[in-house]
Amino acid sequence: MSITDRHQLILQKLKEHGHVSVQELSSEMDVSDVTIRKDLKLLEDKNLLFRTHGGGSVKNPYANDRPVNEKEQLYREEKQRIAKEAAKMIGQNDSIIIASGTTVLALARCINPLSHLTVITSALNVALELSHRPNVEVLQLGGQLRQNSSSVAGPYAEELLKDVTCGVLFLGVDGIDPETGLTTTSLMEARLNQKMMDAAQVTVVLADSSKFGKRGLGKICSLDKIQHIITDSGISGSMKSVLEESGIKVTIAE
């Protein structure tokens, strides 16, 4: 098949199904996966599709920077289950970092320790949620306020983290993609998340299944930098396998 014929067939299948698979296209057209990936890139450059992990789609995989009160209404039950599962990881006399986002805010609402707990956070709503809890000491990072996320970012927050070491970072993200890694909609927030990861021994990502296959503007890290993802049953079997093959523990919050 000529390149024009391949492109027409790809676009026709997209129109019919909404998505295409590299493996299926290469088999049907009797060409290599590399050839199909080049075709998909050319079509994406022409704004005719969006490349995704293992194929292409008519759906935009790029995450929008929505206000936190709007995000909080999405996947509420899934976030609550994820939060309850994550809370089991917090030990006695522990020190943790909680980043920003609505799923980690749900985690904060589950925290009510019997012994002392130190929480370092960039999120104002997390700090306020925990400020009156017995046994919880809150260290609020300072910096430029991001209204959409009710959190701070920037060099002041990053500087404070240089003197911090703790057990677990609970991280919220806007996108998880096998090729792109973890992303967020803010470059400043992505950089602060990187500094949080440096300060923690373990990074646990809390993300509902809508975040898989999405990409944000700011790259936080590749998948090999994280140890654990807690999500809901909406994650596809193929995505779960890819993550586990990368050495990541995947927990499904029931």
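Residues numbered from 1 in each chain as written. Predicted model: local features only at pLDDT ≥ 70, side-chain atom pairs only at ≥ 80, totals over all residues. Heavy atoms only, no water.

*Asks:* Please give an account of the sheet that holds strand 1 (residues 19–21) that cites residues and values.
*Replies:* Ordered by their spatial adjacency, 3 strands build an open sheet running 1-3-2, and the pairing between neighbours is antiparallel. A single partner strand is all that each edge strand has here, and the edge strands are strand 1 and strand 2 (50–52). Sheet twist, expressed as the average angle between the axes of neighbouring strands with direction ignored, equals 25°. Here strand 1 pairs with strand 3 (residues 55–57) via 3 bridges, running antiparallel. Its bridge partner being in strand 3, histidine 19 is matched across the sheet by serine 57. Contacting strand 1 and strand 3, helix 2 (residues 22–29) crosses the sheet at an angle of about 65° to strand 1. Helix-sheet contacts for helix 3 (residues 33–45) involve strand 1, strand 2 and strand 3, and the interaxial angle to strand 2 is about 145°. (Pairing = 2+ DSSP bridges. Helix = DSSP H or I, 4+ residues; strand = E, 2+ residues; numbered from the N terminus. Axes fitted to C-alpha atoms, helices over the stretch in contact; angles between N-to-C directions. Contact = heavy atoms within 4.5 Å.)

*Asks:* Provide a residue-level description of the UniProt feature "domain: HTH deoR-type" (unreviewed entry) in the protein chain, including the pertinent values.
*Replies:* Listed under "domain: HTH deoR-type" (unreviewed entry) in the UniProt record, and renumbered for this structure, are residues 3–58. Taken end to end, residues 3–58 comprises 64% helix and 16% strand; its first and last C-alpha atoms sit 20 Å apart. (UniProt positions renumbered as here; feature names shortened; annotations may be inferred.)

*Asks:* Run through the environment of valine 22, naming residues and quoting values.
*Replies:* Secondary-structure assignment places valine 22 in helix 2. Among the residues examined, valine 22 registers a relative accessible area of 4% and is labelled buried. Along the primary structure valine 22 and aspartate 39 are separated by 17 residues, whereas in three dimensions their C-alpha atoms are 9.9 Å apart. Discounting chain neighbours no more than four positions away, the residues touching valine 22 are Asp33, Ile36, Arg37, Leu40, Gly54 and Gly55. (Buried < 20%, exposed > 50% of the residue type's maximum accessible area, 1.4 Å probe, protein only.)

*Asks:* For the pairing of strand 15 (residues 249–252), give the residues involved together with the corresponding values.
*Replies:* If a strand is regular, its side chains alternate between the two faces of the sheet. As judged from the 4 bridges shared by strand 14 (residues 228–231) and strand 15, these two strands associate in the parallel manner. If you follow threonine 231 over to strand 15, its bridge partner there is isoleucine 252. Where the polypeptide runs from strand 14 across helix 10 (residues 237–245) and back to strand 15, its parallel neighbour, the crossover connection is right-handed. (Right-handed = clockwise from strand over helix to strand, strands pointing away.)

*Asks:* Residue-level account of helix 5 (residues 76–87), with values.
*Replies:* Here helix 5 spans 16 Å end to end across 12 residues, near enough to the 16 Å set by a 1.5 Å rise per residue. Considered for burial, the residues of helix 5 that qualify are Lys79, Ile82, Ala83 and Ala86. For helix 5, the angular spread of the buried residues around the axis is 100°, confining them to a single face. Every exposed residue of helix 5 that faces more than 90 degrees away from the buried side is listed here: Glu77 and Lys84. (Expected span 1.5 Å × (residues − 1). Arc of directions from axis to C-beta.)

*Asks:* Got a sec to walk through the sheet that holds strand 13 (residues 218–221)? Specific residues and values, please.
*Replies:* The strand order across the open sheet formed by 3 strands is 10-11-13, and the pairing between neighbours is antiparallel. At either margin of the open sheet sits one strand with a lone partner, and together these are strand 10 (175–177) and strand 13. Pairs of neighbouring strands in the sheet enclose a mean axial angle of 35°, with direction left out of account. Sheet topology places strand 11 (residues 181–184) next to strand 13; 3 bridges connect them, and they run antiparallel. Opposite threonine 183, over in strand 13, you have lysine 219 as the bridge partner. In the packing of helix 9 (residues 187–199) onto the sheet, contacts are made with strand 11 and strand 13, and the angle to strand 13 comes to roughly 10°.

*Asks:* Go over unusual backbone geometry with me, naming the residues and quoting the values.
*Replies:* Notably, aspartate 30 is not glycine yet its phi reads approximately 60°, a positive angle. Residue placement: aspartate 30 occurs in the loop between helix 2 and helix 3. A residue is classified by how much of its surface remains accessible, and aspartate 30, at 71% relative accessible area, is exposed. Its identity as a non-glycine residue notwithstanding, asparagine 93 has a phi of 55°, on the positive side.

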